[in-house]
Amino acid sequence: MTGRIRDEAIRTVRERASLSEVVSDVVALRRRGRSAVALCPFHAEKTPSFTVSEERGFFHCFGCGEHGDVFAFVMKTQSLTFPEAVRRIADRFGVPLPEEAGEPARRREPLTAANAAAASFFQAELRGPGGGRARAYLRERGLSEELIERFGLGWAPGAGEVLARHLRTKGVPLEDALTAGLVMRRDRPEGAGGVLDRFRERIMFPITDTSGKVIAFGGRILPGRPASGEPPPKYLNSAESPVFRKGHTLYGLALARDAIRKTDRAIVVEGYLDVIALAQAGIGEVVAPLGTALTAEQLRLLRRFTETVIACFDGDLAGRRAAARSFPVFLEAGLWGRGAFLPAGEDPDTFVRAQGRVALEGVLAAAEPLVEAFVGALAGPKGDAVGRHAEAAREVARLLKRVREPHEFDVLVRLAAQRLGVREETLRSEGAPGVAPAAAPDEPHAPGAEAMLVELMAEDATLAERVAACGIIAEFQHPEWRRAAEALAQRDETERQARLEALPRDIRERVVRRLLEERPDVERERALADCIAHIRRRGPRGEERRVRDEIRAAQARGDSEAVEAAMRRLKQLMDETQAEKART
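Position labels on residues start from 1 in each chain and follow its written sequence. Confidence filtering applies because this is a predicted model: local features only for residues at pLDDT of at least 70, side-chain atom pairs given and counted only at 80 or more, and all residues used for totals across whole chains, interfaces and linings. Note that the side-chain values use all heavy atoms of the structure and ignore hydrogens as well as water.

### What to know about the overall build of the chain
Elements are defined by DSSP. Helices are runs of H or I of four residues or more, strands are runs of E of two residues or more, and each kind is numbered from the N terminus. A count of helices and strands for the chain gives 26 helices and 18 strands. Only protein chains enter the area calculation, which uses a 1.4 Å probe; residues under 20% of their type maximum are buried, those over 50% are exposed, and those in between are partly exposed. Taking all 584 residues of the chain together, the buried fraction comes to 46%. What makes two residues a contact is simply this: any of their non-hydrogen atoms within 4.5 Å. Here the contacts in the chain between residues at least 6 apart in sequence split such that 65% fall between residues at least 24 apart. Only the protein chains shown count as cover for residues, with accessible areas throughout obtained via the Shrake-Rupley method and a probe of 1.4 Å. Roughly 28,800 Å² of accessible area belongs to the chain as shown, and the carbon and sulfur atoms make up 51% of that amount.

### Some thoughts on the sheet that holds strand β3 (residues 35–38)
Two strands are said to pair when DSSP picks up at least two bridges between them. Here five strands make up an open sheet; going across it, the order is β2-β3-β4-β5-β6 and the pairing antiparallel. Strands with a single pairing partner mark the edges of an open sheet, and in this sheet they are β2 (30–32) and β6 (67–68). Two elements, β3 and strand β4 (residues 50–53), share three bridges in a ladder whose sense is antiparallel. Pairing of A38 across the sheet is with F50, part of β4. Sheet contacts for helix α3 (residues 70–78): β4, β5 (58–61) and β6; angle to β5, the most-contacted strand, approximately 55°. Lines fitted to the C-alpha atoms define the axes, with helices restricted to the stretch that makes contact. Angles between their N-to-C directions range from 0 to 180 degrees.

### What to know about the environment of L138
Along the polypeptide, L138 turns up in helix α6 (residues 132–140). When the C-alpha atoms of L138 and I203 are compared, they prove to be 9.1 Å apart, with 65 residues separating the residues in sequence. Those residues in contact with L138 that lie beyond four places of it in its chain are L126, L143, I148, L153 and I203.

### What to know about the packing of aromatic side chains
In this analysis, rings of Phe, Tyr and Trp, with Trp reduced to its six-membered ring, are considered paired at centre separations within 6.5 Å, and the interplanar angle assigns stacked below 30 degrees, edge-to-face beyond 60, and tilted for intermediate values. According to the stated counting rule, one finds 18 aromatic pairs in the structure shown. Arranged with centres 6.4 Å apart and planes meeting at 85°, the rings of F205 and Y251 form a pair that is edge-to-face. With F205 in strand β11 (residues 202–208) and Y251 in the loop between β13 (235–237) and α10 (253–263), this pair connects stretches of sequence that are 46 residues apart. Ring-pair connections join several aromatic residues into one group, and the members of that group are F151, F205, Y235, Y251 and Y272. Placement of a charge over a ring requires the Lys NZ or Arg CZ to be within 6 Å of the ring centre, with the centre-to-atom vector within 35 degrees of the ring normal. In this structure, R320 packs its charged tip against the face of F341, placed 3.8 Å from the ring centre.

### A few points about the nonpolar core
What makes a nonpolar core is a set of buried Ala, Val, Leu, Ile, Met, Phe, Trp, Tyr and Cys residues whose side-chain atoms join them at distances within 4.5 Å. One finds L153, L182, F217 and Y251 to be the most contacted residues of the largest nonpolar core, which totals 65 residues. Among the nonpolar cores identified, the runner-up in size contains 45 residues, and L250, L399, F409 and L412 belong to it.

### Some thoughts on the sheet that holds strand β12 (residues 214–220)
One open sheet holds the four strands; their spatial order is β8-β11-β12-β13, and the pairing between them is antiparallel. Sheet topology places β8 (154–156) and β13 at the edges, where each strand pairs with a single neighbour. With strand direction ignored, the average angle separating the axes of adjacent strands in the sheet is 35°. Strand direction decides the pairing type here: β12 and β13, joined by three bridges, are antiparallel.

### Describing the pattern of salt bridges
Between Lys or Arg on one side and Asp or Glu on the other, a salt bridge is scored when a side-chain nitrogen of the former is within 4 Å of a carboxyl oxygen of the latter. If you walk through the whole model with that rule in mind, you get 18 salt bridges. Between E201 and R133 there is a salt bridge; the shortest N-O distance is 3.2 Å. You can see E201 sitting in the loop between β10 (195–197) and β11 and its partner R133 sitting in helix α6, a full 68 residues away along the chain. Between E361 and R357 there is a salt bridge, and its shortest N-O distance comes to 3.6 Å. A residue pair is termed a helical-turn pair when its members lie 3 or 4 positions apart in one helix, as E361 and R357 do in helix α15 (residues 357–365) at four residues. Here E361 falls in the partly exposed class, since its relative accessible area comes to 22%.

### Remarks on the environment of L463
Position of L463 relative to the elements: it lies in helix α21 (residues 461–470). According to the relative accessible area criterion, L463 is buried, its value standing at 3%. Linking L463 and E525, residues 62 residues apart in sequence, is a C-alpha distance of 8.7 Å. Excluding anything up to four places from it in sequence, L463 contacts L456, R524, E525 and L528.

### Some thoughts on α10
Those residues of α10 that fall on the buried side of the exposure criterion are L253, A256, R257, A259 and I260. On its buried face, α10 sits against α3, β14 (266–268), β15 (286–287) and α12 (296–303). Once α10 ends, the next one or two residues include D264, with phi positive near 55°.

### Digging into the side chain of H67
Locating H67 in the fold gives a position in strand β6. Here F59 takes part through its backbone oxygen, which lies 3.4 Å from a polar atom of the side chain of H67. In the analysis that follows, any N or O atom pair within 3.5 Å is treated as a polar contact, provided that within protein one partner can donate a hydrogen and the other can accept it, and provided that, for residues neighboring in sequence, both atoms belong to side chains.

### Quick notes on the packing of α12 against helix α13 (residues 317–332)
Running from amino to carboxyl end, α12 crosses α13 at an angle of 55°, the nearest separation of the two axes being 8 Å. Here α13 runs oblique to α12, going by the angle between their axes. By crossing handedness, the relation of α12 to α13 is classed as right-handed. Across the interface between the two elements, A296, L299 and R300 of α12 pack against V329, F330 and E332 of α13. Should an angle lie under 35 degrees it is considered roughly parallel, over 145 roughly antiparallel, and from 65 to 115 roughly perpendicular; all remaining angles are considered oblique. Handedness of a crossing follows from how the near helix is turned relative to the far one, being left-handed for an anticlockwise turn of less than a right angle and right-handed for a clockwise one.

### Here's the deal with the pairing of β12
β12 sits mainly inside the fold: seven of its seven residues count as buried. The pairing of β11 with β12 spans six bridges and is classified as antiparallel. Its bridge partner being in β12, I207 is matched across the sheet by A216. Hairpin geometry of β11 and β12 is characterised by an intervening segment of five residues between the two adjacent antiparallel strands and by a positive phi of about 100° at G212.

### Quick notes on unusual backbone geometry
Excluding glycine, a negative phi dihedral is what most residues carry, and trans is how most peptide bonds are arranged. Of note, E201 is a non-glycine position whose phi angle comes to about 50°, a positive value. With a phi angle near 55°, D264 is a residue other than glycine that sits in the positive phi range. Mapped onto the secondary structure, D264 falls in the loop between α10 and β14.

### As for the side chain of R141
Take R141: it is sitting in the loop between α6 and α7 (145–150). Discounting chain neighbours no more than four positions away, the residues touching R141 are R220, L273, D349 and R353.

### Observations regarding the pairing of β4
Where burial is concerned, the two faces of β4 agree: the one with F50 and V52 and the one with T51 and S53 are both buried. The sheet contact formed by β4 and β5 spans four bridges and is antiparallel. Directly across from F50, in β5, lies its bridge partner C61. Hairpin connection of β4 to β5: four residues between the antiparallel strands, including G57 at a positive phi of 80°.

This is a description of form; function is not addressed.
What follows is the structure in structure tokens.
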């Protein structure tokens, strides 16, 4: 594994790469003025709304809002990480990549080599005479030879130091085998270097990263294994290492990525055999966490491939509760999520083997939005539990502050208000991420001065530096525009591009239109001066409006302390205004 790519090398690759050439590999571009258009590769459309500006180095779809540079395009279309995309483009355009090989990078390559050697060993053991019981069990579970080979399944023999000796003969340093979690030190220094195999008498499931490199293992004991002393855990995973973080990894993703892209959905199941059983049934877009609850990091990983994620749950009460608990995690990852509920007592493996693919597809088609399970669990079975509903409403409001998509915000507000018996207005007020200042009366159809400044900063890095230097950002009243302006004020061009992509869609699209229209510098300068002057003229009046909005919001949610504090602040502002008038 290589090290960190230097910033100057990234800039060189971006300058040398042809965005139009890279995009043309995926869609047919047609020239239109100084840019090019095509049917969007990210959503179905009949009229081209996907625009590529080679001169400016970005693509933008006015239909679905996707936006980015050449690296973002390769990441989105080929499901690569940023470093992988940089390397792929550098190879294509012949740009050498000097890299900074930091300590973590230096440690990854020998560990993946040790895991690869162990994977080959386990696979050979499964095929050999010692793997007979394991092969019989896998056949009993309905796994074909092709699936066993495809998923790289293996067998860890029961003798305590067989793998340790094998790795030593292959030249794998002991410290690498220990760090990778393949062997453990004995209590007494004896045997093969004083170590013991971590996995013994287990069917082995290689765990890979998104590129297919083996980074860890999961091991399952065979049923009916004679117990002596403390029974071993049914499943055992590798310990975390510099190449393996359990909460950031999904089983089967490297094999599922193409199917996920093709079907535009990902199915999350619980275990290794669930993944393999669905793949055997012809459903390849399936992954599983590694013995723990699904994490936001794992969901963010999936979001690189699709935004349609269906998690499978048991249909009993415990399964419903698990679905409810998962919704905030999905929301944290920027996903809405759906839950597919299997008959009680069934898991995806047993269900698809007994009922077949068509029946499972029916369950998946009936998947419910996880928000419904979440709100239903908050409401509880009794409609008159006023105290419970009040606390539930506060929990919903806390979640609403993390929802940025207006449609999703509305759905959650309306559903929660209906199920909890509270007013929509109350939830909207409590859950709002911030109170926007009222539009200026002379600008009924134009963006406000703060939004316009954000547009100008996103359009031109030089203007962004000037806005930051004059200190006007501190006078922004709308928290979203302030955060955007502060982000765009950063000097790093790579970071600025990422922050531009993170802007609200309407702002981002106005920026793109400005860039494509090539407005003269004098117009930008005039707009910049006008916006700064407008913000500075607002003075106390704008602050008074903001505080009055705070008072109304606090009154709506019944927060008397916040009302009193805001009233004191309003009186202070009004006194200052009167004093200023008296001086003049």
